[in-house]
Amino acid sequence: VQLQASGGGLVQAGGSLRLSCAASGRGFNDYVIGWWRRAPGKERERVAVVNYMGTSTYYEDFVKGRFTISRDNAKNTVFLQMNNLRPEDTAVYYCAAAWTSLELSQVGIRGYDYWGPGTQVTVRP
């Protein structure tokens, strides 16, 4: 599976962006997809995860109520709708695919098999 994230950009605090993660290759529907991010000087951190069918999701506390993850398996694409953005959301955002049967919250960074190049999100105060 090859992944490509897009949709990043520069936005004012309180604004919105919608990231897309387009997948190519076989078996997209077999993978859990997660969005991760790395802010300057910080470790990569998980943001949100969606299961194979898009029927179950997991969010880290710092994005709950603001971000929504979804997927369209017919289009091999996962989305991250980001609302009410804050300066601390500034980071490079990555999507990643995991072939796993674990609970979404239990899939750590090493559980992801494929990573795409990131897309930069910058939020101005």
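Keep in mind the model is a prediction, meaning the values are calculated, not measured.

Caption draft 1: Layout of the overall build of the protein. Along the backbone of the protein there are 0 helices and 11 strands. Along the protein, helices (α) and strands (β) appear in the sequence β-β-β-β-β-β-β-β-β-β-β when read from the amino end. For 125 residues, the compact-globule formula gives about 14 Å, and the C-alpha radius of gyration of the protein, at 13 Å, lands near that figure. Its C-alpha atoms give the protein principal-axis dimensions of about 40 × 25 × 25 Å. Every one of the 125 residues in the protein was classed for burial, and the buried ones make up 45%. A fraction of 59% describes how many contacts in the protein between residues 6 or more apart in sequence connect residues 24 or more apart. For the protein, the computed accessible surface area is about 6500 Å², with 47% contributed by carbon and sulfur atoms. With 14 positive and 10 negative side-chain charges, the protein shows a separation of 5 Å between the mean positions of the two kinds.

Caption draft 2: Spatial organisation of the state of the cysteines. Across all of its chains, the model carries 1 disulfide by this definition. In this model C21 forms its disulfide with C95; the gap between the sulfur atoms is 2.1 Å. Disulfide C21-C95: torsion about the S-S bond near 75°, hence right-handed. In this pair, C21 sits in strand β3 (residues 17–24) while C95 sits in strand β9 (residues 91–98), placing the two residues 74 residues apart along the sequence. Per residue, the accessibility class of C21 equals that of C95, and both read buried.

Caption draft 3: View of the nonpolar core. In this structure, W35, L80, M82 and Y93 are the most contacted members of the largest nonpolar core, which totals 30 residues. Put simply, the parts of the chain that give this core at least two residues each are β1 (2–6), β3, β4 (32–38), β5 (45–50), β7 (67–72), β8 (77–82), β9 and β11 (119–124). Here M82 is in contact with G15, S16, L17, L19, R66, F67, Y93 and V121, once residues within four sequence places are set aside. Counting residues in each nonpolar core, the second largest holds 8 residues, with W36, V49, A96 and V107 among its members.

Caption draft 4: Broad picture of the sheet that holds β8. Here 4 strands make up an open sheet; going across it, the order is β1-β3-β8-β7 and the pairing antiparallel. At either margin of the open sheet sits one strand with a lone partner, and together these are β1 and β7. Within the sheet, the average angular offset between the axes of one strand and its neighbour, ignoring direction, is 15°. In this structure, β3 lies alongside β8, joined through 6 bridges in antiparallel fashion. Each residue of the ladder has a partner; that of C21, found in β8, is V78.

Cut-off values and rules
Residues numbered from 1 in each chain as written. Predicted model: local features only at pLDDT ≥ 70, side-chain atom pairs only at ≥ 80, totals over all residues. Heavy atoms only, no water. Helix = DSSP H or I, 4+ residues; strand = E, 2+ residues; numbered from the N terminus. Rg over C-alpha atoms; globule rule 2.2 N^0.38 Å. Buried < 20%, exposed > 50% of the residue type's maximum accessible area, 1.4 Å probe, protein only. Contact = heavy atoms within 4.5 Å. Areas by Shrake-Rupley, 256 points an atom, 1.4 Å probe, with all protein chains shown as cover. Lys, Arg positive; Asp, Glu negative; His and termini not counted. Charge placed at Lys NZ, Arg CZ, Asp CG, Glu CD. Disulfide = S-S within 2.5 Å. Core = buried A, V, L, I, M, F, W, Y, C linked by side-chain atoms within 4.5 Å. Pairing = 2+ DSSP bridges. Axes fitted to C-alpha atoms, helices over the stretch in contact; angles between N-to-C directions.

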